[in-house]
Amino acid sequence: CLSAECRLDSVGDSTGQEQMSLAMEMQEEVDSCNLKDAGPSEVNTTKASHLVKVHKDKLTVTYNGKANHNHDVGAVQSNRAFSHNVVIGYFEMTILNPGERACMAIGLGNNSFNTTRHPGWEPESYGYHGDDGRKFHNSSRGEPYAVKYGVAGDVIGCGINFATRQIFYTKNGKYLGTAFTDPVHSYYPTVGLHSTGEKVRLNFGSDPKVPLEFNVDDMLHEHRHHMLATISQVPISMTDVNALVRSYLEHEGYSDALSSFVNSAALPEQHARTGMGKEDEEKAMSERRRSEIRMMITDGRVAAARSTCEMSFPSLFEKQPLARAELLCQEFLELLISGKSTEAVLFARSVLGALLKTSSAAAAAPVEHGESAAAAGGSSGGG
């Protein structure tokens, strides 16, 4: 987003072809800023325990404490929680040095987590501990779960499946099963270290050069297959199918397709009868407006489409800022296509410049507990 913003000043000095190429790049970057799910990408250094050293990459963590009691754990959390806009949030921890006792833990915690304790010991936190292989949730005793871990090179993963509301763990790429069910929040990836010399490196899946050990895509594929199989077993009548198709065409503003569908399926004309109520009138007007907006965009009259949206649906852009961003980018493209280079430059510097600044600020802002935003990150499958 910032690179696109900086390139706005050079638009006026470019050729028509270069302007078009730049416009496409800028639209892709705006889409990227708005469409990416703001998941975790690095360690939150401002919240890290004073008993650990977070290295320059903000992914590698070393324990510097003495491990004398249960309140000198060195824990860290990610900079952002997993976004609710994904199906699966997942991260991994590679053990670089198990230390004296391999007394480490991986899990999830809320934004008030105490970073001098292991995940799972505190309320609203979940943990899988290496020294005993037990799972913990708001408990210092835990329950049996899986094998111990703590050998240099071990890769331990933790994931949350928002669709099934389950928390699971992996070891060296192998699924260890469901550990917890019905988590309340979208938690922050959390790791705890508690013996001299322990050193780990975290992987949030944000760097394509460092792939995750566990294949999240396979889990997503399996989930979708199961979901489709479940849906296919639900009986649905032709009346329900017709109603669903009709509702979609109405909502999307495909007035001609809707008319053809109603005629071919011999459906009753909902708005053709006399004595139409106020609600029906408003619905019919909304359909016409959406159809008009669609035609305006198709014809290249994007500015008129945006103006009509603002007048007919005043809360749309507030609720869906990405829709406004896409229309503005398309409006810029239409100016270039029509040869209005000077107007395009002015539009880019005044309107798109402000848009990119807003997008950059939103992407850089930390995500509060329980929220999700649109920005970079996380090792998570798209919804």
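Residues numbered from 1 in each chain as written. Predicted model: local features only at pLDDT ≥ 70, side-chain atom pairs only at ≥ 80, totals over all residues. Heavy atoms only, no water.

Q: Hey, could you run me through the overall build of the protein in this one?
A: Each helix and strand in the protein was counted, giving ten helices and 14 strands. For the protein, the proportion of its 383 residues judged to be buried stands at 44%. A sequence separation of at least 24 residues applies to 64% of the contacts in the protein between residues at least 6 apart. As displayed, the protein has an accessible area near 19,800 Å², and 52% of this comes from carbon and sulfur atoms. (Helix = DSSP H or I, 4+ residues; strand = E, 2+ residues; numbered from the N terminus. Buried < 20%, exposed > 50% of the residue type's maximum accessible area, 1.4 Å probe, protein only. Contact = heavy atoms within 4.5 Å. Areas by Shrake-Rupley, 256 points an atom, 1.4 Å probe, with all protein chains shown as cover.)

Q: Would you take a moment to explain the packing of aromatic side chains for this structure?
A: Centre distance and the angle of the planes are the two values used to describe a pair of aromatic rings. Applying the stated criterion across every chain, the model contains twelve aromatic pairs. Centre to centre, the rings of Y90 and F214 are 5.4 Å apart; their planes meet at 45°, and the pair counts as tilted. Of this pair, Y90 sits in strand β4 (residues 86-97) while F214 sits in the loop between β13 (199-203) and α3 (216-232), placing them 124 residues apart in sequence. Each of the two residues, Y90 as well as F214, counts as buried. Grouping aromatic residues by their ring pairs yields a cluster made of Y90, F168, Y175 and F214. For K135, the ring lying beneath its charged end belongs to F180, and the centroid distance is 5.5 Å. (Phe/Tyr/Trp six-rings, centres within 6.5 Å; stacked < 30°, edge-to-face > 60°. Lys NZ or Arg CZ within 6 Å of the ring centre and 35° of its normal.)

Q: Explain the sheet that holds strand β3 (residues 74-77) here, please?
A: In any sheet, the strands associate via hydrogen bonds between backbone groups, in a parallel or an antiparallel arrangement. With antiparallel pairing, six strands are arranged side by side in an open sheet as β3-β12-β5-β6-β7-β8. Sheet topology places β3 and β8 (143-144) at the edges, where each strand pairs with a single neighbour. (Pairing = 2+ DSSP bridges.)

Q: How should I be thinking about helix α7 (residues 302-312) in this particular structure?
A: Side chains of residues three or four places apart in an α-helix project in the same direction, reflecting 3.6 residues per turn. Among the residues of α7, V302, A305, R306, T308 and C309 are the ones counted as buried. Burial along α7 is one-sided: seen end-on, the buried residues are contained in an arc of 160°. (Arc of directions from axis to C-beta.)

Q: Mind showing me how you'd approach the pattern of salt bridges here?
A: Working definition: two side chains of opposite charge can pair if their charged atoms are close together. Within this structure, the stated rule accounts for seven salt bridges. Close ionic contact of R117 with E122 constitutes a salt bridge, the shortest N to O distance being 3.0 Å. The exposure class assigned to R117 is buried, which follows from its relative accessible area of 12%. Among the ionic contacts, a cluster of salt bridges with common partners joins R306, E310 and E331. (Salt bridge = Lys/Arg side-chain N within 4 Å of Asp/Glu carboxyl O.)

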